[in-house]
Structure formats: structure tokens, C-alpha cells
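A look at the structure
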Amino acid sequence: MKILGRILLSSAILAGSFSAIPLHRAEAAAGKVSIMLDGYPLSFPVQPTVMKGTTMVPFRAISEALGITVLWNQKEQKITATKATGGETKQVVLTIGGKNALVDGQSVPLANAPQTIQNSTMIPLSFFSQQFGADVSWDQSTQTVSITSPQKDMYTMGFYALSSFDERAYIPSFSSIAFGWSRIDANGQFTVEGKEYKWPQAAGEITPESIIQDAAQQGTSPYLMVYSVDSNLELTKNLADASLQENTVTQIVETASSKGFKGIALDLEGLGLTGDKNKVKSDYNAFIKNLSGKAHQAGLKLTVILHPLNSSYFGYDYKTLSSLADNLVIMAYAFEQEKGPEPLNKVDEAIRLALKETNKDKLILGISLGSENAATVSSKIGLAKRYDLKGVAFWRLGLVGNPAWAQINQSIKMK
């Protein structure tokens with residue numbers, strides 16, 4: 001998936017940390033406490049505040065950010081929070097003014113009773129988050145609470161292209177793998193030949209066909225990735241020529257079917273930078289409608305890989321494309337030409353814009369390991385968790401490395 005231009009302290013310890021703050025400083029800190037979830041700030045309708053050494057936060061905001069379901073009983077003034085994890089359901093019940101919580105039916109004391117401030121129910125952050133597996137730490141100098149979200153079971157797509165062979169052992173850990181072995185060439189023609197995105201030669205007894213078959217047998221769905229970029233107007237040519245487009249769609253579906261793939265991952269980039277953006281969108285929608293219909297008739301899934309809506313490429317209609325494809329991957333990277341970790345605010349914006357156009361259950365966050373490293377990849381995954389997206393996709397095997405792989409496995413329950 002190439003692109004143009006390319007995070008446990010116990011409650012007692014935490015409470016002790018806050019208790020060390022003199023009362024006047026605690027009062028001064030009210031409204032100035034920052035909450036970071038997986039390295040990125042959380043927004044609250046009412047500012048977090050330190051009360052008697054305990055950070056209090058609006059319960060709904062922290063719950064939603066951690067994927068916890070919350071039920072409010074107005075008559076009894078009770079909050080019931082539940083989360084299913086690994087086949088088990090954790091339940092926490094808190095009562096406004098109550099000094100004890102019920103955790104799976106067992107009474108547990110609270111440092112502070114939940115209370116209502118400015119029409120928001122405030123709860124003890126450290127108790128609540130740790131009950132659901134999150135790690136919490138406090139930085140006194142910056143008045144910052146840092147939360148690391150618990151490991152989550154998510155759909156994962158990996159990309160196998162270019163120099164991925166040395167990390168092929170990671171394939172069985174993914175839900176699906178897209179093999180970048182085809183493209184649309186400079187003439188707008190589908191091909192499995194060329195310099196980069198081409199059908200690879202066998203490496204001894206390991207053949208492309210055997211890698212595909214092994215992936216499928218290990219429970220990882222193999223996808224045929226079709227790549228192109230409109231640098232030579234190859235996509236523009238294809239979209240403008242009905243006969244060429246029909247031939248392209250037919251060849252993609254036939255190749256995917258005959259080679260044993262379970263789906264198609266379409267990565268056609270660069271549309272809408274120039275020209276009539278509405279026409280480009282319409283033409284691309286028609287292309288995807290045609291491909292989607294033929295792919296589904298052949299029993300193939302279709303994942304469409306897209307530039308983010310806060311990029312310079314405006315040829316992609318997320319709403320229509322999500323109605324046609326099984327999944328959409330947001331390439332939320334290359335905001336700064338992949339010269340370093342992607343700006344979290346830009347990735348966050350890309351997700352929020354996409355969610356205005358389609359359902360979270362179809363969205364997969366694309367993460368480039370050409371930009372990220374072991375210290376930053378968890379923050380990107382954290383944003384996918386925060387918005388409860390379907391999953392994450394990693395460009396690409398060959399760029400992962402052991403440190404980043406360890407962090408990915410701490411954040412996600414891989415297959």
C-alpha cells in the first residue's frame with residue numbers, strides 16, 4: 001500500500017501519588033488535568049478535576065473511549081458499566097454519592113464517591129479504568145494522567161509486497177494478507193508483470209501459489225492487491241475507456257479467482273488532485289460498482305484502499321464506496337512524506353471525517369510502518385480502538401521489525 005509523495009499502577013499507588021499534592025495545589029489543578037489515552041488527548045464535556053487526591057472524570061467520555069457500554073438509571077442514580085472480553089463480561093456498578101462500587105457483584109471501596117458536576121456524572125478515573133484492564137500513570141510535573149488501553153481483538157490486514165519475504169512468518173497472525181503482485185500499468189492495462197508490483201518468482205520450493213495456499217490453510221484470508229497511481233494518467237485513461245475498464249475488471253476477478261485468492265484489495269491512488277473532481281468520483285464509483293458486482297458473484301470480498309479525506313486527493317466518495325465494498329482502508333499517513341511518525345491530530349481528523357461518511361464497522365485504519373516505529377505504533381492503533389473501528393492495516397511486511405511487532409501484539413490480540 002504505497003502512497004504518493006508517503007501505550008499499571010494500582011489504585012492505591014495512583015491515589016497515593018495524587019494524595020501527595022497539597023490541598024491548595026489540588027484545588028489549583030482543578031480543570032487543568034490532562035488525560036492522554038494511548039498518547040493522544042481525550043476530550044471531555046466537563047474538565048477532569050482532582051478532588052481529595054483523586055482524579056475525577058466524566059464517566060461517559062472515558063467509557064466510550066475504552067469501548068465500555070454504560071447504562072444510567074436515573075431513578076436509582078446508578079451507573080452500570082459492562083464490557084465483554086475474551087468470552088467473559090466484566091460489570092461495574094457505581095451509585096452517585098456511594099463510597100463503594102460493585103465489581104462483578106463484589107463490594108469494592110472507592111477513594112471518592114461518584115458525583116454530578118455541571119450535569120455530568122464524575123467518577124474516579126484510576127478505579128474505573130483499571131477495572132477494565134487499562135494501565136494508568138500520573139505525571140506530577142505536567143498534571144497529566146496517561147492511560148494505556150487494554151489489548152483488543154481487532155481485524156488485522158497485512159500487506160505483503162516489495163521486500164516482504166523475510167517477514168512471511170508473520171502472515172498467520174493476520175486476519176488477512178494482501179499480496180501486492182499486480183497493478184494497472186502506464187497504459188491503463190491490468191498486469192502481473194513489471195518492475196515492482198508483479199507476480200514474484202519462486203524462491204526454491206516456496207512459490208507464490210504455495211504462500212497463498214498456506215495463508216488460507218492457516219486461516220488468513222489471502223487478497224490480491226491491485227496497485228496503481230495516476231502519475232501517468234493511467235487511471236484516468238482506464239476510467240474514461242469503458243471497454244478497457246471492463247477488460248480490467250474481468251482480468252482482476254479472473255486472476256484473483258484462478259490463483260486461489262479470497263478477496264481483492266484495490267489500491268488505486270492519486271485521483272482527484274486535478275481536473276473535475278465530481279466526474280472523477282462518479283467514474284471511480286462506476287468502476288467500483290462494476291468490480292464489486294463481479295467480485296461478489298465470484299465469491300470474492302472487496303476491500304478498497306483510499307486516501308484520507310484530509311489529503312489533497314478528492315476523487316474518492318467514501319459514502320458510495322462503502323456501500324459497494326466490504327471494507328475501506330484509510331491510508332492515514334504520508335501527511336509529511338513519511339519522514340517521521342504521522343501527526344496524531346491528522347490521523348484523528350482522517351478517522352472523524354471518514355466516520356461522517358460511513359459506518360465504523362467497515363473502516364480499517366491504515367498504518368505505515370515506513371513512518372511509525374515501536375514507540376509510536378501503539379498510539380495509531382489506539383485511535384482505531386478509541387473509535388471502535390473494524391481494524392487496522394499495516395503497510396507492510398518487511399518494514400515491521402521485532403520491536404514494533406512486539407508493540408503491535410501488546411495492543412492487539414492477533415489471530
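Each remark here, short or long, concerns the structure printed above.
Residues numbered from 1 in each chain as written. Predicted model: local features only at pLDDT ≥ 70, side-chain atom pairs only at ≥ 80, totals over all residues. Heavy atoms only, no water.

Describing unusual backbone geometry
Of all residues except glycine, most have a negative phi; of all peptide bonds, most are trans. For clarity, the cut-off: Each helix corresponds to a stretch of at least 4 residues labelled H or I by DSSP, and each strand to a stretch of at least 2 residues labelled E; elements are numbered beginning at the N terminus.
Here the residue pair Trp 395 and Arg 396 is connected by a cis peptide bond, since its omega of -10° sits within 30 degrees of zero. Unlike most non-glycine residues, Asn 119 shows phi in positive territory, near 65°. Among the secondary structure elements, Asn 119 is positioned in the loop between strand S10 (115–117) and strand S11 (120–124).

Structural notes on the pairing of strand S5 (residues 69–73)
What counts is decided by this rule: DSSP calls a pair of strands paired once it identifies at least 2 bridges connecting them.
As defined by bridge partners, S5 adjoins strand S6 (residues 78–85) across 5 bridges and the pair is classed as antiparallel. Following the sheet pairing, Val 70 is matched in S6 by Ala 81. Counted between consecutive antiparallel strands, the loop separating S5 from S6 contains 4 residues, among which Gln 77 sits at a positive phi close to 55°.

Notes on the packing of aromatic side chains
Rules: When two rings of Phe, Tyr or Trp (its six-membered ring) have centres within 6.5 Å they constitute a pair, described as stacked for plane angles under 30 degrees, edge-to-face for angles over 60, and tilted for the intermediate range. To sort residues, take the accessible area from a 1.4 Å probe on protein chains only and compare it with the maximum for the residue type: under 20% means buried, over 50% means exposed, and anything in between is partly exposed. Placement of a charge over a ring requires the Lys NZ or Arg CZ to be within 6 Å of the ring centre, with the centre-to-atom vector within 35 degrees of the ring normal.
For the structure shown, the criterion picks out 14 aromatic pairs. Seen in terms of ring centroids, Tyr 170 and Trp 405 are 4.0 Å apart; in terms of plane orientation they differ by 15°. Their pairing is stacked. Note that Tyr 170 is positioned in the loop between strand S14 (155–160) and strand S15 (176–184) and Trp 405 in helix H12 (residues 402–411), a separation of 235 residues in sequence. Assigned by exposure class, Tyr 170 and Trp 405 land together as buried. Over the face of the ring belonging to Phe 165 we find Arg 168, whose NZ or CZ atom lies 3.9 Å from the ring centre.

Quick notes on the sheet that holds S6
Threshold: Lines are fitted to the C-alpha atoms to define the axes, a helix being fitted only along its stretch in contact, and any angle between axes, read from their N-to-C directions, falls within 0 to 180 degrees.
Judged by pairing direction, the sheet is antiparallel, and its 5 strands sit side by side in the order S5-S6-S7-S8-S9 without closing on themselves. The open sheet has two edge strands, S5 and strand S9 (106–109), and neither has a second partner. Pairwise comparison of adjacent strand axes, ignoring direction, gives a mean angle of 25° for this sheet. Where S6 lies against strand S7 (residues 88–95), 8 bridges are found, and the strand directions are antiparallel. In the sheet register, Lys 78 faces S7, and the bridge partner there is Thr 95.

Some words on the sheet that holds strand S12 (residues 135–139)
Judged by pairing direction, the sheet is mixed, and its 4 strands sit side by side in the order S2-S1-S13-S12 without closing on themselves. Strands with a single pairing partner mark the edges of an open sheet, and in this sheet they are strand S2 (40–41) and S12. Inspection of the sheet shows strand S1 (residues 34–37) paired to S2 by 2 bridges, in the antiparallel sense. Pairing of Leu 37 across the sheet is with Tyr 40, part of S2.

Quick notes on the environment of Asp 267
Along the chain, the position of Asp 267 falls in strand S18 (residues 263–269). Taking the C-alpha atoms as reference points, Asp 267 and Val 226, separated by 41 residues in sequence, lie 5.8 Å from one another.

So, the side chain of His 307
Structurally, His 307 is set in the loop between strand S19 (301–306) and helix H9 (318–324). On the accessibility criterion, His 307 (1% relative accessible area) is buried.

Observations concerning the packing of helix H7 (residues 242–258) against helix H8 (residues 277–297)
Using the following cut-off: Whether a crossing is left-handed or right-handed is set by the direction in which the near helix is turned from the far one by less than a right angle, anticlockwise for left-handed and clockwise for right-handed. Any two residues having at least one pair of non-hydrogen atoms within 4.5 Å are treated as being in contact. Residues are grouped as follows: nonpolar covers Ala, Val, Leu, Ile, Met, Phe, Trp, Tyr, Cys and Pro; charged covers Asp, Glu, Lys and Arg; every other residue, Gly included, is treated as polar.
Running from N to C, H7 and H8 point in directions that differ by 35°, and their axes come no closer than 10 Å. Handedness of the crossing formed by H7 with H8: right-handed. Across the interface between the two elements, Gln 245, Glu 246, Thr 248, Val 249, Thr 250, Ile 252 and Val 253 of H7 pack against Ala 286, Phe 287, Asn 290, Leu 291, Lys 294 and Ala 295 of H8. For the contact of H7 with H8, a count of residues per class yields 7 nonpolar, 4 polar and 2 charged.

Some remarks on H8
The cut-off we apply is this: Helices are assigned an expected span. That span is 1.5 Å times one less than the residue count. Pairing of N or O atoms within 3.5 Å defines a polar contact, subject to two protein rules: one partner must be a possible hydrogen donor and the other a possible acceptor, and residues neighboring in sequence count only if both atoms are side-chain atoms.
In this model H8 runs 30 Å from its N-terminal to its C-terminal C-alpha over 21 residues, within 8% of the 30 Å that 1.5 Å per residue would give. Looking at H8, one finds that the buried residues are Val 280, Tyr 284, Asn 285, Phe 287, Ile 288, Asn 290, Leu 291, Ser 292 and Ala 295. Contacts made by the buried residues of H8 are with helix H6 (234–240), H7, S18, S19 and H9. Measuring from the backbone nitrogen of Asn 278 back to the side-chain oxygen at the start of H8 gives 3.1 Å, which picks out Asp 276 as the cap. Of the residues one or two after H8, Gly 299 is the one with positive phi, at around 75°.

Considering the nonpolar core
Convention followed: As used in this record, nonpolar core signifies buried Ala, Val, Leu, Ile, Met, Phe, Trp, Tyr and Cys residues forming a set joined through side-chain atoms within 4.5 Å.
Core analysis: the biggest nonpolar cluster contains 71 residues, and Ile 264, Leu 266, Tyr 284 and Phe 394 have the highest contact counts within it. With 6 residues, H8 is the single largest residue contributor to this core. Not counting the four nearest positions on each side in its chain, Leu 266 is found in contact with Val 226, Ile 252, Tyr 284, Phe 287, Ile 288, Leu 291, Leu 302, Thr 303, Val 304 and Ile 305. Val 33, Ile 62, Ile 123 and Val 145 belong to the second-largest nonpolar core, a separate cluster that totals 31 residues.

Focus: the side chain of Ser 378
Looking at the secondary structure, you find Ser 378 in helix H11 (residues 377–386). By relative accessible area, Ser 378 is classed as buried at 6%.

Digging into the environment of Ala 334
Here Ala 334 is to be found in the loop between strand S20 (327–331) and helix H10 (344–355). Note on Ala 334: relative accessible area 12%, which makes it buried. On a C-alpha basis, the gap between Ala 334 and Ser 231 in space is 17 Å, while along the polypeptide they are 103 residues apart.

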